[in-house]
Amino acid sequence: MQYSSKATYAFCFSLLFLAIEFASVWFVTDFIHGLYIVHGEVAEGIVESLVTSGVSVFLCNLFFFAVKDKVIIPYAFSIVALVAAVCYVGLFSFGSVVVALPFLTWTLGVFSILGCTTSWLVFKKRFSGEKGNNVQ
């Protein structure tokens, strides 16, 4: 597969991963609010971000079994991390005040870090030796 097509696929998968993350936040956050596990705004935000990011990363890593070139999944998570970094720079440099900034920061940051870490580890351990899945 050519590099430009890998980049295109990785970008499309990164958009899909962001959609999965936002859907997870939408559905799982209400469930967590109903459980009343923790008290306090900061602790609740941390628990919500860890649980929603964990669910999202698990669902996104299932795409390892759906694509032929497995390196696309870690590349897609790397693009998500780049998008998160650009969002942070934009939010903090322009002085925007967003009501949900702590939750957004935790959720997108945890999703990016957890997704990149797990996908690269899974790729290196399981799929890097297979034909056609070498990182060049």
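A few points on the structure. (Residues numbered from 1 in each chain as written. Predicted model: local features only at pLDDT ≥ 70, side-chain atom pairs only at ≥ 80, totals over all residues. Heavy atoms only, no water.)

Let's shift gears to the overall build of the chain. Counting secondary structure elements, the chain contains four helices and zero strands. Its helices and strands in sequence order give the chain the pattern α-α-α-α, from N to C terminus. The buried share among the 136 residues of the chain stands at 36%. When contacts within the chain are restricted to residue pairs at least 6 apart in sequence, those whose partners lie at least 24 apart make up 75%. (Helix = DSSP H or I, 4+ residues; strand = E, 2+ residues; numbered from the N terminus. Buried < 20%, exposed > 50% of the residue type's maximum accessible area, 1.4 Å probe, protein only. Contact = heavy atoms within 4.5 Å.)

Let us look at a nonpolar patch on the surface. A surface patch of nonpolar side chains, about 550 Å² in accessible area, is lined by V51, V55, F58, L59, L62 and F65. For L62, the position within the fold is in the loop between α2 (41-61) and α3 (72-93). Using a relative accessible area of 38% as the deciding quantity, one classes L62 as partly exposed. (Patch = residues over 30% accessible without salt bridge, like charges linked within 9 Å, V, L, I, M, F, W, Y side chains within 5 Å. Areas by Shrake-Rupley, 256 points an atom, 1.4 Å probe, with all protein chains shown as cover. Salt bridge = Lys/Arg side-chain N within 4 Å of Asp/Glu carboxyl O.)

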